[in-house]
Amino acid sequence: MKKTTLLTMLMAFLMSLTLSAQETHVYSVAGTPKALFGSDDDWDPTFTGTEMTLNGNVYEWTSEQVELNIGKEVKFKVVEDHDWAVSYGLQGETGEAANMICTAENHGLYTLKVTFEPENDNLVTGELTLVEELPNTYTVVGAPAVLFAGQEWEPNNEAAIMQLGDNGLYVWTSEFGELTTEDNPYADQGPGHVECKVLVNHDWNVSYPGANCSVAIPANGKYSLKVTFDPETHAVSGELVPEPVETTYSVAGIPASLFGGEWDATNTATEMTLNEETNLYEWTSELTELTTTDGDPEEPGYVFLKVVENHDWNVSYPEEDNYDIVIPSDGKYTLKVTFNPETKEINGELILDDPNLITEIYMVGSFANAWQWDTPEGRLPLTYKDGAFEITQLVETGDEFKFIAPLVAEPTGYSDWKWYGGEDEAHVANFWVTDDFVHGTWPINMITHEGTEHNFLMCVTGEFTFRIISMANNDVTLRAPVGSAGVREPLTLIIDAPNTAITDVTADKTGTDIWYNLVGMKFNGKPSLPGIYINNGKKVVIK
């Protein structure tokens, strides 16, 4: 029994010496990719974060979770004492032993567990464990850069990430870029080609196809690149899509004076504009002198036209014959053409110019920059509202003013301009025409005092609303007075009651019986209608 005990004790002692010798060594793991090993560099033997822990007779080390792409190879060795002088790899060989290699079969989060058994022929093992599978991202890389947001062969190009379609295929379409048949001179297929690949998870480790996908540039122009990828078969296809040309519509016809040329399809001045409210294309000509002898010499008195597509006679409407409009009489006209791109229907209208049309009216006077009626600073614009021009203006006793209206052209004839004001409609004012304006004045005996001529003159102070309307036009447009005197009453002035109380009344200095209404209009005698009036500087109520 003693011999056995001594032998057992001796063996235990020798084993402890062996283990003590082994424990004097430090074993760590070095490899690539560095993210898996937590080091700043690949294959860093000095990194202490991968030191292994002894568990019985086996040394072990397990990494943190790291994202790995499908097909990514993990390579490593066990290093003794943080020095490449002694390292262990495939089949436990030391020195120049081959690397241990594990491959990620899917895209996901992995951990790597490495074991080292010094007593078992220095056996090294590695196990790559998928913790969580992650979806793949597919990105298109290629050249020339103009199609890839300015980045050639860039794996991290966020602008080139593909999208999964309902058919299970991934698709990406670039922005439009200018290409020529001389682009990409170093392409596998030579210049005049676009080349691309599909990368899996922004990693060059896995890309398709093996050779580049190459697409010929058919001609100089703007194109977008459409790439399709099948994740099952790994098939890649590319297509260059030319930029669509926006259809333009223009008007061509005769007489040439209306269209800036006779049947000129290339004239950009006759391009039509899309009205987004009506979805119709519109074009209006300049004001043009026409006669009933204009047009086709064999068929005078007509405007003939077509709507041309993309300035090319290959497509025009109407497809047969021409669209024609009768010139009703000699005069100045504008031509308005509309075109429906869906039904191809054309409508044309000749609009006779009206030189007497009034589109602006201004108030001028002693309170508006001292009668500078011919300058913008001296004119107070009236606002057009509900068929009338109106302005609300504070006027004071003694203020003089009148109204002017810019003319489209000088009228061919004109009559007296009749103004209405309150109850008294018996007075006719005079007006006159200059090169640019027609001027109107208030009747001298309605609101003036002795010695004042031509202009409105207020004998009270207050804020009044002045409105000018037409009593001769059902379409509520305003026109300058034309025709013989007394035949038409085209313009009517209405002065609404003041918005503020009358603050000053000019009493008649002669002592005669003079009456005014509240807007300062003078009567030839005592009014007969009920109301409030001013008589010799005092308020009088007539019932």
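Note that the coordinates shown come from a computational prediction; the quantities given were computed from them, not determined experimentally. (Residues numbered from 1 in each chain as written. Predicted model: local features only at pLDDT ≥ 70, side-chain atom pairs only at ≥ 80, totals over all residues. Heavy atoms only, no water.)

Considerations on the overall build of the protein
Quick note on the threshold: The helix and strand labels rest on DSSP assignments: H or I over at least four residues marks a helix, E over at least two residues marks a strand, and numbering proceeds from the N terminus. Exposure is judged per residue with a 1.4 Å probe applied to protein chains only, and the accessible area is read against the type maximum: over 50% gives exposed, under 20% gives buried, and values in between give partly exposed. By definition, residues are in contact when any of their heavy atoms lie within 4.5 Å. Here the accessible surface of atoms and residues is derived via Shrake-Rupley with a 1.4 Å probe, and residues count as covered only by protein chains that are part of the display.
Of regular secondary structure, the protein possesses four helices and 46 strands. Expressed as a percentage of the 543 residues in the protein, the buried residues total 41%. Restricting to contacts in the protein with at least 6 residues of sequence separation, those with at least 24 account for 60%. Total accessible area on the protein stands at roughly 29100 Å², and carbon and sulfur atoms take up 49% of it.

So, the pairing of strand β34 (residues 400–406)
Short version of the rule: Should DSSP find at least two bridges between two strands, the strands are regarded as paired.
For β34, the buried fraction is high: six of the seven residues fall into the buried class. Sheet analysis places strand β30 (residues 362–365) next to β34, joined by four bridges and oriented antiparallel. When the sheet's bridge partners are listed, Tyr362 is paired in β34 with Ile404.

Re the pattern of salt bridges
Cut-off, in case you're wondering: Any carboxyl oxygen of Asp or Glu within 4 Å of a side-chain nitrogen of Lys or Arg constitutes a salt bridge here.
Applying the stated criterion across every chain yields a total of one salt bridge. A salt bridge links Glu73 to Lys75, with the nearest nitrogen and oxygen atoms 3.9 Å apart.

Describing the sheet that holds strand β10 (residues 138–143)
This is how the line gets drawn: For helices, the fitted axis covers only the stretch in contact; all axes are lines through C-alpha atoms, and the angles between them, taken along N-to-C directions, range from 0 to 180 degrees.
The antiparallel open sheet is built from three strands, whose spatial order is β10-β14-β15. Each edge of the open sheet is held by one strand with a lone partner, namely β10 and β15 (203–216). Going across the sheet, the axis of each strand differs from the next one's by a mean of 25 degrees, ignoring polarity.

Concerning unusual backbone geometry
In this model, Tyr208 is joined to Pro209 through a cis peptide bond whose omega is -10 degrees. Its location among the elements puts Pro209 in strand β15. The residue after Tyr317, namely Pro318, is reached through a cis peptide bond having omega -5 degrees. Residue position: Pro318 is located in the loop between β25 (312–317) and β26 (323–326). Although it is not a glycine, Trp43 adopts a positive phi angle of roughly 55 degrees. Tracing the backbone shows Trp43 in the loop between α2 (34–37) and β2 (53–55). Here Asp121, not a glycine, exhibits a phi torsion of approximately 55 degrees, which is positive. Take Asp121: it is sitting in the loop between β8 (108–117) and β9 (123–133).

Some details on the environment of Leu258
Locating Leu258 in the fold gives a position in helix α3 (residues 256–259). Taking relative accessible area as the criterion, Leu258 reaches 4% and is therefore assigned buried. With twelve residues separating them along the chain, Leu258 and Thr270 place their C-alpha atoms 9.7 Å apart. Among residues more than four places away in sequence, those in contact with Leu258 are Trp283, Ser285, Thr288, Leu290, Val303, Leu335 and Leu350.

Points about the nonpolar core
Filter applied, for reference: By convention a nonpolar core is built from buried Ala, Val, Leu, Ile, Met, Phe, Trp, Tyr and Cys residues, the set being connected through side-chain atoms within 4.5 Å.
Val140, Met162, Trp172, Leu225, Val227, Phe229 and Leu240 are the most contacted members of the largest nonpolar core, which totals 24 residues. Secondary structure elements with two or more residues in this core: β10, β12 (170–173), β14 (193–200), β15, β16 (221–229) and β17 (236–242). Each residue touching Met162, except ones within four places of it in the same chain, is listed here: Tyr138, Thr139, Val140, Tyr170, Val171, Trp172, Val198, Val227, Thr228 and Phe229. Core analysis: the second largest hydrophobic core is formed by 22 residues, Phe37, Trp61, Phe76 and Leu128 among them.

Regarding the pairing of β25
Here three bridges tie strand β24 (residues 302–309) to β25, and the two strands are oriented antiparallel to one another. Bridging across to β25, Val307 finds its partner in Tyr317. Connecting β24 to the antiparallel partner β25 that follows it, the hairpin turn spans two residues, and Asn310 within it adopts a positive phi of roughly 55 degrees.

Description of the packing of aromatic side chains
The test is simple: In summary, the pairing rule links any two rings of Phe, Tyr or Trp, Trp by its six-membered ring, whose centres are within 6.5 Å, and it sorts them by plane angle into stacked for under 30 degrees, edge-to-face for over 60 and tilted for everything else. As a reminder, the over-ring test applies to NZ of lysine and CZ of arginine, requiring each to be within 6 Å of the ring centre and within 35 degrees of the ring normal.
Under the definition given, this model contains 17 aromatic pairs. With a centroid separation of 6.4 Å and 40 degrees between ring planes, the pair formed by Tyr59 and Phe116 is classed as tilted. Of this pair, Tyr59 sits in strand β3 (residues 58–62) while Phe116 sits in strand β8, placing them 57 residues apart in sequence. Considered together, Tyr59 and Phe116 belong to a single accessibility category, that of buried residues. Site record: aromatic cluster; members linked through ring pairs are Tyr27, Tyr59, Tyr88 and Phe116. Against the face of Tyr362 rests Arg379, its NZ or CZ located 4.7 Å from the ring centre.

As for the side chain of Ser224
Mapped onto the secondary structure, Ser224 falls in strand β16. Aside from chain neighbours lying at most four places away, what touches Ser224 is Leu147, Thr173, Ser174, Glu175, Phe176, Glu239, Leu240 and Val241.

What to know about a negative patch on the surface
Operational definition: Residues enter a patch when their relative accessible area is above 30% and they make no salt bridge; the linking distance is 9 Å between like charges and 5 Å between nonpolar side chains (Val, Leu, Ile, Met, Phe, Trp, Tyr). Think of it this way: Lys and Arg go in the positive column, Asp and Glu in the negative one, and His and the chain ends go nowhere. Charged side chains are reduced to one point each, which is NZ for Lys, CZ for Arg, CG for Asp and CD for Glu.
Together, Glu298, Glu299, Glu319, Glu320, Asp321 and Asp324 line one region of the surface with negative charge. By secondary structure assignment, the location of Glu319 is in the loop between β25 and β26. We classify Glu319 as exposed; its relative accessible area is 68%.

Remarks on the confidence of the model for the protein
To keep it simple, the criterion reads: How sure the predictor is of each residue is captured by pLDDT, a score from 0 to 100.
Within the protein, residue pLDDT values average 80, and 71% of them lie at 70 or more. In the predicted structure, residues 441–454 sits below a pLDDT of 50 and forms 44 contacts with residues beyond four places in sequence or in another chain. In the model, residues 500–511 has pLDDT below 50 throughout and makes 21 contacts with residues more than four positions away in sequence or in other chains.

Some words on the state of the cysteines
As a reminder of what qualifies: Cysteine sulfur atoms that pair up within 2.5 Å are treated as a disulfide.
Applying the stated criterion across every chain, the model contains zero disulfides. Left without a disulfide partner, Cys213 is nearest to the cysteine sulfur of Cys196, which lies 4.1 Å away.

Structural notes on the environment of Asn536
When you line up the elements, Asn536 lands in the loop between β45 (531–535) and β46 (538–542). A sequence separation of 23 residues divides Asn536 from Asp513, and the C-alpha atoms of the two residues are 6.7 Å apart.

Concerning the environment of Glu67
Selection criterion: A 3.5 Å cut-off defines polar contacts: any pair of N or O atoms within that distance qualifies, except that in protein one atom must be a possible hydrogen donor and the other a possible acceptor, and neighbouring residues in sequence count only when both atoms are side-chain atoms.
Mapped onto the elements, Glu67 comes out in strand β4 (residues 66–68). For Glu67, a relative accessible area of 47% gives the class partly exposed. Residues within four places of Glu67 in sequence aside, it is in contact with His107, Gly108, Leu109 and Leu134. One polar contact links Glu67 to His107, side chain to side chain, over a distance of 2.6 Å.

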